[in-house]
Amino acid sequence: DRELTKRKRDHKEVFDFVDPARPVSDSRNRWPLGIDGFRETMADLFDGLSDLTTRTLAIVHEALGLGSESRDIVTFDRRGSSVRLNHYPVGDPVPEAERDGLADLGATALGYHTDPGTLTLLLQDDTGGLQTESLHHGWIDVPPRPGTIVVNLGDCMQAWTNDRYRAAVHRVVPMTRRSRYSIPYFAN
């Protein structure tokens, strides 16, 4: 709830974790106590999103016409990837009594940015609020659709393709009626 984007505080709370299947990585995770099955469910989610990333990259490789040698370079490694559980509340996520010394709250719930990795898979609830920047139409909404996952290409993909594919500039607008939840898998 104190994370900054473009030096402004985001309107969100997060829970991050890295690959729970690797003991050395999992030792850095801080799993909440008293929530039966949480860690196991998140481990299954991590496995499923890692597998889906491999399948998604195969589609990208095919579209780019990459040979097997290039496919091994234009990839990701789950050991460097992470999952984030996002909660975007209505209003400031930091209690008023704890705001002294914090950066100002940003004009958006999450400021505009690109993701640094290969690609991001994003699960989102039905609240909406995600926008992406179009070269021709400015900011456009990315409406949630049941049963779909948003795929954002990252900075590595843009560099690897010499700007043929561009990293998705995106942001989240502030919530005004109800909270928003999303789960990005950052494939790095």
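Residues numbered from 1 in each chain as written. Predicted model: local features only at pLDDT ≥ 70, side-chain atom pairs only at ≥ 80, totals over all residues. Heavy atoms only, no water.

Undergrad: Let's hear about the packing of aromatic side chains: which residues, and what values?
TA: Per the stated rule, a full pass over the model turns up eight aromatic pairs. A ring pair is formed by Phe17 and Trp31, whose centres lie 5.0 Å apart and whose planes are at 50 degrees; its orientation type is tilted. Separated by 14 residues along the polypeptide, Phe17 in strand S3 (residues 13–18) and Trp31 in the loop between helix H1 (23–26) and helix H2 (38–64) bring together distant segments of the chain. Exposure class is identical for Phe17 and Trp31. Each is buried. Relative to Tyr185, the ring of Phe46 has its centre 5.3 Å away and its plane inclined at 75 degrees; by these criteria the two rings are edge-to-face. (Phe/Tyr/Trp six-rings, centres within 6.5 Å; stacked < 30°, edge-to-face > 60°. Helix = DSSP H or I, 4+ residues; strand = E, 2+ residues; numbered from the N terminus. Buried < 20%, exposed > 50% of the residue type's maximum accessible area, 1.4 Å probe, protein only.)

Undergrad: Help me get a handle on the sheet that holds strand S11 (residues 180–187), residues and values and all.
TA: Taken together, the five strands give an open sheet; going across it, the order is S3-S4-S11-S6-S9, and neighbouring strands pair in antiparallel fashion. Strand pairing shows two members of the sheet lacking a second neighbour, S3 and strand S9 (150–153), which therefore form its edges. Within this sheet the neighbouring strands show an average axis-to-axis angle of 20 degrees, counted without direction. In the sheet, S3 pairs with strand S4 (residues 82–88) via six bridges, with the strands oriented antiparallel. (Pairing = 2+ DSSP bridges. Axes fitted to C-alpha atoms, helices over the stretch in contact; angles between N-to-C directions.)

Undergrad: How would you explain the nonpolar core if you had to name every residue and give the values?
TA: If you look at the biggest cluster of nonpolar residues, it comprises 22 residues, and the most contacted ones within it are Phe17, Met42, Val83 and Tyr185. Looking at this core, the elements that each hand over two or more residues are S3, H2, S4, strand S6 (119–124) and S11. Considering every element that reaches this core, the biggest residue donor is H2, with eight residues. Those residues in contact with Tyr185 that sit more than four places away from it in its chain are Phe46, Leu49, Ser50, Thr53, Phe76, Arg78, Ser81, Ser82, Val83, Leu119, Thr120 and Leu121. Grouped together as the second largest cluster of nonpolar side chains are nine residues, Tyr88, Leu122, Val172 and Met175 included. (Core = buried A, V, L, I, M, F, W, Y, C linked by side-chain atoms within 4.5 Å. Contact = heavy atoms within 4.5 Å.)

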